[in-house]
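Structural overview for review
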Amino acid sequence: MTSVFTATSVSRLYGAGRNTVVGLDEINLAVETGERLGVVGESGSGKSTLIRLLAGLDRPTRGEVRFDGELISGRPEHQLGFLRQGVQIVFQDPRSSLNPRMRVGDIITEPLRSPLLRGRPGVPVDKAARLAEVLEQVGLPTDSGRRHPHEFSGGQRQRIALARALAPRPRVLIADEPVSALDVSVRSQVINLLNDLVAEQDLTLVFVSHDLTVVRHLCDRVAVLQSGRIVERGLTAEVYAEPQEPYTQSLLEAVPRLPDPS
Amino acid sequence: MTEPVLEVAGLSVIFGNREPAVAGVSFAVEPGERVGLIGESGSGKSVTALAVMGLLPEQARTSGVVWLAGQPVLDRPDAELAALRGNRVSMIFQEPMTALDPTMKVGRQVAEVIGLHRRVARGQTRARVLEILDAVGLSGPARVANSYPHQLSGGQRQRVVVAMALVNTPDLVICDEPTTALDVTVQATVLSLLDSSLAEAGAGCLFISHDLAVVAQLCTRILVMLDGKIVEDAPLAQILAEPKHPYTRGLVATARIDQVPVGERLPTVADFWSRDGDVEEELR
């Protein structure tokens, strides 16, 4: 198997001198083609920092990050077209990740108008056709494109964010806590949808969450982050069934559960 | 029998020309009882809580009756309600950062809640502040009291909010999604803190959440709210074992994803219930 992402001895420090805060500490990580990797940890454990580095939205202080074997860390944005086409992100809160002034159709097709992506092989040219296609894939009505984000519920807005991410036909989808701002009753719909889309389109998935029970349904492998280090990694089923680290155990035990049906 | 700390009868709330946000809701909370109010975003649960506290915006039109600690709430002047709030009844909101004043040290904010309702000698107020901060599990209460909210973590801030809600030993604490903005680990500690603090104070609780699994950690009775109405009102055990309303069945199923085998499609509310003929609503 070939690696989509490789991160080698990656550190990210914030601030300088005595006030330095370690965001990530000497991380080594490979994401293989077609795998579904869960990244789990508390707030401040470095999970968002990690995916920002993978997505080329931030630069490591030390170490290097590669996408498809090509170096991305430290390169200027205008050289990252291949990364922007290959990797798309869905963020936590669709209320803030969707521009309220834009129509949903313009939001979803915006990646297709980006100068970095336009004209690249594989990026759809017919924007209207692609819009109709992705709207159908995420289960939104075909006339959604003419409306504004505020006309949609939270779960529907996350579908819009997903449609935008899918528009340029990426091979990798990064999702940063995509269900934690949603009602529990909506959560399983979005997880089902993500599962279907990743399977149908052979996507590689990097899924960030603080909730291991959600990761269990989406990811075959998991990396547990604590204070900027990966403290445990392995197959999700094994980590979920027999966590080796006390920290992983505490994450699992903290998930509120209903009493067993009797 | 003692009278309930909260009694709501036929409460309706209407904003402008829209459908009622709350439509004829009735329930009661007995002394020391913990009642969970669950429902999706927009179901009217937060509006119900605001109505109970007399905190609705002025343009809201209300009808029905709300009795809080033996006193009517609706259409009362704000000055009279202020004597009730923070004293007999207190409220914990979702986002601790917005519930605290960023420009005031934490200790002074807690002291203010005491000073508003009690005549206490100055030295005693300080002692009571440190005592309650310690009681909610903040290590180094003196240091915390001298901190500004931004110097504390999210979990510590929510502990401070819990301390403020409990410092005057109220009869009823209304919690509106108090752990939704928190991590699972912090959520677990705040829930167990609420559990022990409520028990110690003997306070009743109206706990509002969209998450049945969270509500189940604290409450013994559940009210299920849908489109401004309470569609089910039953003890927790009964809700879990034999939910009557199809919507409740959906909520129970979606809260149990830890029991679904990996690879299986997760159950959704739409599998059990949908608004008649409205396809878009099913997408929610």
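This structure is a prediction, so every number in the text was calculated from the model and none was measured. Numbering of residues begins from 1 in every chain and follows the order in which that chain's sequence is written. Numbering of ligands from 1 and lettering of chains from A proceed in the order in which they are written. For this predicted model, a pLDDT threshold of at least 70 governs which residues receive local features, and a threshold of 80 or more governs which side-chain atom pairs are given and counted, while totals over whole chains, interfaces and linings are taken from all residues. Only hydrogens and water are removed before side-chain values are computed, so all heavy atoms of the structure are retained for them.

As a further point, take helix α6 (residues 154-166) of chain A. Residue and element names in this part refer to chain A. Note on conventions: DSSP H or I runs of at least 4 residues are helices, E runs of at least 2 residues are strands, and numbering of each starts at the N terminus. Here, expected helix span is obtained from the residue count minus one, scaled by 1.5 Å. For α6, with 13 residues, the first-to-last C-alpha span of 19 Å sits near the 18 Å given by 1.5 Å per residue. Accessible area is worked out with a 1.4 Å probe on protein chains only. A residue is then buried under 20% of its type maximum, exposed over 50%, and partly exposed in between. Taken across its 13 residues, α6 has 12 buried, putting it largely inside the fold. Taken together, the buried positions of α6 are Gly155, Gln156, Arg157, Gln158, Arg159, Ile160, Ala161, Leu162, Ala163, Arg164, Ala165 and Leu166.

Time to look at the packing of aromatic side chains. All names here are of chain A. A pair of aromatic rings is counted whenever rings of Phe, Tyr or Trp (Trp by its six-membered ring) have centres within 6.5 Å, and the orientation is called stacked for planes under 30 degrees apart, edge-to-face for over 60 and tilted otherwise. In total, this model carries 3 aromatic pairs over all chains according to the counting rule given. Taking the centre distance of 5.4 Å and the plane angle of 45° together, the rings of Phe5 and Phe67 count as tilted. Note that Phe5 is positioned in strand β1 (residues 3-14) and Phe67 in strand β4 (residues 62-67), a separation of 62 residues in sequence. Classification of Phe5 as buried rests on a relative accessible area of 1%. For the ring pair Phe67 and Phe82, a centre distance of 6.1 Å and an interplane angle of 25° mean the geometry is stacked.

Residues and elements named next belong to chain A. Checked against the element boundaries, Asn195 lands in helix α7 (residues 184-200). Asn195 sits in the buried class, given a relative accessible area of 17%. Residue contacts for Asn195: discarding those within four places in its chain leaves Arg36, His217 and Leu218. By definition in these notes, contact holds between two residues if any of their heavy atoms fall within 4.5 Å.

On to the interface of chain B and chain A. Residue-level contacts link 38 residues of chain B with 34 residues of chain A. Simply put, the buried area is the total loss of 1.4 Å probe accessible area from both parts when two parts are fitted together. A buried area of about 3200 Å², summed over both sides, lies between chain B and chain A, and 55% of it is on carbon and sulfur atoms. Salt bridges are defined by distance alone: a side-chain nitrogen of Lys or Arg within 4 Å of a carboxyl oxygen of Asp or Glu. Where chain B packs against chain A, one counts 1 salt bridge. Between A:Arg257 and B:Asp258 there is a salt bridge whose closest N-O contact spans 3.5 Å. In protein, a polar contact means a hydrogen-donor-capable atom and an acceptor-capable atom, both N or O and within 3.5 Å, with residues adjacent in sequence counting only if both atoms are side-chain atoms; elsewhere, any N or O pair within 3.5 Å suffices. Where chain B packs against chain A, one counts 12 residue pairs in polar contact (both at pLDDT 80 or more). Elements supplying a minimum of two residues to the side of chain B that touches chain A: α8 (184-201), α9 (212-218), α11 (246-254) and α12 (279-282) of chain B. Considering every element that reaches the side of chain B that touches chain A, the biggest residue donor is α9(B), with 5 residues. Residues are grouped as follows: nonpolar covers Ala, Val, Leu, Ile, Met, Phe, Trp, Tyr, Cys and Pro; charged covers Asp, Glu, Lys and Arg; every other residue, Gly included, is treated as polar. The residue inventory of the side of chain B that touches chain A, partitioned by class, reads 20 nonpolar, 9 polar and 9 charged.

Moving on, we come to the nonpolar core. Soluble globular proteins: nonpolar side chains tend toward being buried together. Residue types Ala, Val, Leu, Ile, Met, Phe, Trp, Tyr and Cys, when buried and joined through side-chain atoms within 4.5 Å, form a set referred to as a nonpolar core. Among the nonpolar cores identified, the biggest contains 53 residues, and B:Val110, B:Leu133, B:Val160, B:Phe207 and B:Ile222 are the most heavily contacted of them. Of the residues forming this core, the biggest block, 7 residues, is contributed by helix α7 (residues 154-166) of chain B. Where each domain starts and ends comes from a domain assignment, either automatic or drawn from a database. Of the domains in this structure, domain 1 (6-242) and domain 2 (243-284) of chain B are the two that each give at least three residues to this core. Those residues within four positions of B:Val160 in sequence are excluded, and the remaining contacts are B:Leu100, B:Val106, B:Val110, B:Leu133, B:Leu138, B:Val144 and B:Leu152. Core analysis: the next-biggest nonpolar cluster, separate from the first, contains 52 residues, A:Val104, A:Ile107, A:Leu131 and A:Phe152 among them.

As a further point, take the sheet that holds strand β9 (residues 221-226) of chain A. All names here are of chain A. Here we have 6 strands laid out as an open sheet, ordered β6-β7-β8-β3-β9-β10, and mixed in their pairing. A single partner strand is all that each edge strand has here, and the edge strands are β6 (87-90) and β10 (229-235). On average, each strand axis in the sheet is tilted by 15° relative to the strand beside it, whichever way the strands run. Only the stretch in contact is used when fitting a helix axis, every axis being a line fitted to C-alpha atoms; angles between N-to-C directions are given from 0 to 180 degrees. α6 rests against β6 and β7 (172-176) of the sheet, and its axis sits at about 170° to β6. Against the sheet, α7 touches β3 (36-40), β7 and β8 (204-209), its axis set at about 140° to β3. A pair of strands is considered paired only if DSSP assigns at least 2 bridges between the two.

Below, the discussion takes up the environment of B:Thr185. For B:Thr185, the location among the structural elements is in helix α8. For the pair B:Thr185 and B:Gly155, spaced 30 residues apart in the sequence, the C-alpha separation amounts to 9.3 Å. Apart from the residues within four sequence positions on either side, B:Thr185 is in contact with A:Glu42, A:Ser250, A:Leu251 and A:Ala254. Here the side chain of B:Thr185 touches A:Glu42 through a polar contact of 2.6 Å, side chain to side chain.

With that out of the way, let us pick up the domain arrangement of chain B. Residue and element names in this part refer to chain B. Parsing chain B into structural domains produces domain 1 (6-242) and domain 2 (243-284). If you average the C-alpha positions of domain 1 and of domain 2, the two centres end up 28 Å apart. Interface of domain 1 and domain 2: buried area, both sides summed, is about 1200 Å²; carbon and sulfur atoms make up 55% of it. Of all residues in domain 1, Glu40, Leu226 and Glu232 bury the most surface against domain 2, accounting for 33% of the area lost on that side. Counting every contact that joins domain 1 to domain 2 gives 2 salt bridges. The interface formed by domain 1 and domain 2 contains 7 residue pairs in polar contact (both at pLDDT 80 or more). At the level of secondary structure, the elements contributing two or more residues to the side of domain 1 that touches domain 2 comprise α9, β9 (221-226), β10 (229-235) and α10 (236-241).

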